[in-house]
Every structure is written in C-alpha cells, then in structure tokens.
Amino acid sequence: MSARETALCALIACRRDGAWSNGVLKEYISRDGLDRRDAALAARLAYGVLQNRYRLDFYLKQLLTGKLRDLHPVVRDILHLGLYQIYDLDRIPDTAAVSESVELAKKYCKKQRFAPGLVNGVLRSAVQTRLTLKEPVSLEDKYSHPWELIKLLRDYVGNDRIEAMLQADNQTPPTVVQVNTLKTSADALLERLRGEHVQARPHGWMPDCLVLSGTGDLERLPSFRDGLFYVQDAAARLSVLCAQLPRADIRLLDCCAAPGGKSFAAAIAMGGRGEILSCDIHEHKTKLISGGAARLGLGNITARQQDAAENVEAWNGAMDVVIADVPCSGYGIIRKKPDIRYKNPADMAGLPKIQLEILKNQARYVRPGGLLMYSTCTLVRAENEGVVEAFLSENQEFCTEPLPLPSCFPKNESGMLALVPGEYDTDGFFICRLRRRP
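### Regarding the side chain of Ser 278
Tracing the backbone shows Ser 278 in strand β6 (residues 275-280). Judged by relative accessible area, which is 0%, Ser 278 ranks as buried.

### Considerations on helix α5 (residues 73-88)
Compared with an ideal rise of 1.5 Å per residue, which puts 16 residues at 22 Å, α5 spans 22 Å between its outermost C-alpha atoms and is within 8% of the ideal. Summarising burial for α5: twelve of the 16 residues are buried, a large majority. Looking at the buried side of α5, the elements it contacts are α1 (3-17), α3 (36-51), α4 (53-63), α6 (94-108) and α7 (115-128).

### Considerations on the sheet that holds strand β4 (residues 229-231)
Ordered in space as β2-β3-β1-β4, the four strands form an open sheet in which the pairing is antiparallel. With one partner strand each, in any of the chains shown, β2 (199-202) and β4 form the two edges of the open sheet. Across the sheet, the mean angle separating the axes of adjacent strands is 35 degrees when strand polarity is ignored. In this sheet, β4 lies alongside strand β1 (residues 175-179) in antiparallel orientation, the contact comprising three bridges. Bridged to Val 179 within β4 is Phe 229.

### Some thoughts on the pairing of strand β7 (residues 301-305)
The side chains of a regular strand alternate between the sheet's two faces. Pairing analysis gives five bridges linking β6 to β7, with the strands arranged parallel. Its bridge partner being in β7, Ser 278 is matched across the sheet by Ala 303. Read from β6 through helix α15 (residues 283-296) to β7, the crossover connection turns out right-handed.

### Concerning empty space enclosed by the protein
Think of a ball as big as a water molecule: rolled over the atoms, this probe shows where empty space is left. According to the stated counting rule, one finds one cavity of 30 Å³ or more in the structure shown. Within this model, the largest cavity holds a volume of roughly 40 Å³. Looking at the largest cavity, the residues that line it are Leu 11, Arg 15, Val 49, Leu 50, Arg 53, Asp 77 and His 80. Its residues assigned to classes, the lining of the largest cavity shows three nonpolar, one polar and three charged.

### Regarding the packing of α1 against α5
Viewed as axis vectors pointing N to C, α1 and α5 meet at an angle of 130 degrees, and their least axial separation amounts to 10 Å. One finds that α1 runs oblique with respect to α5. For the crossing formed where α1 meets α5, the hand is right-handed. On α5, the residues touching Arg 4, Ala 7, Leu 8, Leu 11, Ile 12 and Arg 15 of α1 are Pro 73, Val 74, Asp 77, Ile 78, Leu 81 and Gln 85. A breakdown of the residues in the contact of α1 with α5 according to their chemical character gives eight nonpolar, one polar and three charged.

About the cut-offs
Residues numbered from 1 in each chain as written. Predicted model: local features only at pLDDT ≥ 70, side-chain atom pairs only at ≥ 80, totals over all residues. Heavy atoms only, no water. Helix = DSSP H or I, 4+ residues; strand = E, 2+ residues; numbered from the N terminus. Buried < 20%, exposed > 50% of the residue type's maximum accessible area, 1.4 Å probe, protein only. Expected span 1.5 Å × (residues − 1). Contact = heavy atoms within 4.5 Å. Pairing = 2+ DSSP bridges. Axes fitted to C-alpha atoms, helices over the stretch in contact; angles between N-to-C directions. Right-handed = clockwise from strand over helix to strand, strands pointing away. 1 Å grid on protein atoms, 1.4 Å probe; cavity = no way out; pocket = protein on both sides within 12 Å on 5 of 7 lines; lining within 4 Å. Points joined across faces, edges and corners; volume = space filled by probe spheres on them. Nonpolar A, V, L, I, M, F, W, Y, C, P; charged D, E, K, R; others polar. Parallel < 35°, antiparallel > 145°, perpendicular 65-115°, else oblique. Left-handed = near helix turned anticlockwise from the far one by under 90°.

And the structure:
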C-alpha cells in the first residue's frame, strides 16, 4: 500500500469514525508495512490536510464547476490530498500528485463513476491556475480553524497574539526530549545520538532538554531503548520544574499521569529517591507508565489505576506534592493533534466542573505546608484561571505562590502562567502553583 493510500484511509477514519489522527496513523502505518520514508510521507499528508482543510476548500470552491457540498466525502478527501501535494509540497511532482489521486478515486469511489475524471480535471486545473487563484484572507480560511474556536482562543490570548498562535498551530512541532540525568548527561546524549545519525541540539531555555530531527521511529534508537531520554514538550517539563522538587525522600502523587512524562521528570528531579504514585483511570495507560519507568530505570515510581475524582482516604494529608494535570479540551496541542480544532467547543462545556472536582479531591491529599500543582494543555479561561479561582474561593487554606521560571520569562507573581504557541516554541499550556498553608 502507498503512503497516499494510508493517508487517505486515516483521513476517512478521522472524518467518519471520529478517530484521533495520531493514533489511527500509527495503527495504519504499521498495518500497511510502510518503511521509514513512506511512513513520514503518509503522516505529512494526513496532518497537512487536517491542518489546512478550510484553506483547501477555499481553493476547491474556485476550481469546481459545481458546489463543494455536493462532493462525495471520499472524493473531497482525495482532492484535499492532491491539492495539498500540489500547493504545499515542493518535492512531489505535479504529475505524480494528479495521477496517484486519480488511482485512489478509481479504488475508493467505485460507486461514483465520474469521480476519477472529476479528480483528474480539478487537479489539472489546480496545476494550471496555481498562481492566479485567490488566496484566503479570513483567519478561519487562512489557518483552518473554526470561527467559534478562534473567538474562544482570541478571548483568552488577545487580538495581538491570536494570528501568531493560529500560524504556530499549523507548523510541524519539533521532537523535544528530556535527558535522563540519572543515566547520562545532555552532552553525552548529544554525542550518542549523533552516533545514531540523529540531528540533535540543546533546547533554547530548558536545561537537560534536546530538540531532535531525523529520528525516524524513536523507539528503534538504541539510546531510547537504553532509557537515556523520554519524549516531553518543554511546557509540560516546565510545570514540574516549577514545583522545585528536592532530592529527598518525599511522597508525590501524579493523579492524571499517563503517559507518564511528569512522573518521570519528578523522579529524575528527586534523584530517584522518595515515592511517586503515578495514577490513571485506565488500566492500559498505567501499563504504559510502568513500562516507561522500567525503561528509564526509575524505581521510585509505582503506577496505579485510580479515578482522580474519587477519594482514597489513606492518602488524605499524606502527600508532600500533588501534580494535577487534568483532562482538558486540548486546544494548546493542536499542532500535535490537528483534528482537535474541529471538535465542537460546546462538547467541552462540562470540563471545568470535572476539573474542579478533581482539583478539590487532590487538594485533600496535600499535607499542611505541601504543594499542589495544577495544569492543563489548553488555553481557555474557564478551564484555567476559572477553575483555580473557584477552588480558592472554597479552599482558603490554599494560596498561590510565584512561579520560579527560567530567566527568559518575565518575573511571575501571580502563581499562574499561560504558555501560548508561537512565543516560546512550546505547546499551549497553563501552570498554577498552590501552597497549602502550614
């Protein structure tokens, strides 16, 4: 099976079944036995179409003689793939983009007997008129974000930051990894990775953090298998850095831990000492945490299946630190999961209530004088500051503390920080540091 066909199958699954692109792509690439080069092309095509759907439709409206809404959904998917190759990928010949798209139409649109001819005609016209088509002007069409989402994000980040954020959402995110300093150093890992033909450089402001390229399948790298690093965005790592964990025998609870990055960061910061309970509501995800901890050699982590909203009486007042990175709408990680943008914001309306219940329950576990870190990977006030303010209004034994941030950030006094894509080259993220009064 070709990379284009795998990408098409992934797009169909995302549209028809509501599948998440990252999961279905991994499954289909494995199913179709794609090599490293074709796997990369399939991912680029599928993500590229998802990132640019509205812009590609803007072009299609100019290229079609009929109406866009009358297109069969699979024909539309195929045209999106063809247009993306023609307009956005310099290394693919136009003739290949057209001919391969026609072959996909023949195979996947057998009941639409005019589909191959339609695909051929539209894409040939796209090649001929590429310099004369109108370009989108609205933020919605230009960056392929639904207008309701743009308004929601703009209310949070402001008019002066919204376009840079939308643009960042459509860029390919870097592969960021954290060094397991219990086994190696950043300099030693750099040399090891270069020996494995991986391009690597130190992160701009996060210590013991590298940015990789040319990795292929990370899990095949000997340095990965030896547990010398784990994948984690700098924003998520910053939320643990701001906890200022000591190298001491403390007890830490990570309540919504999967896939385990914050627990791993905490274990390394604690020097492999103390005790970390790393919890998730799903059993299969706790197995991921256990597997990751074993690979990294982090023996102070115990993974446990546990609902973060249900109280465990034995834990009340027993934790020195609790990390609550709660389920959220995910609007800060659109560059990694481009299909999140097309989810209905109304479906997320109940999240703040769930987040508040989790935060209130996790607060019970914090000992007097202990620390509670709240975070999300979204940029919606109701899920971030709104939840913190509601919590503090009911729990006055807690207060915010200034965040200890790297020198490239402004001084923080509020105890809360929102990272916006396009500013520090991170995911969108919200961090809050809360202290339980002694």
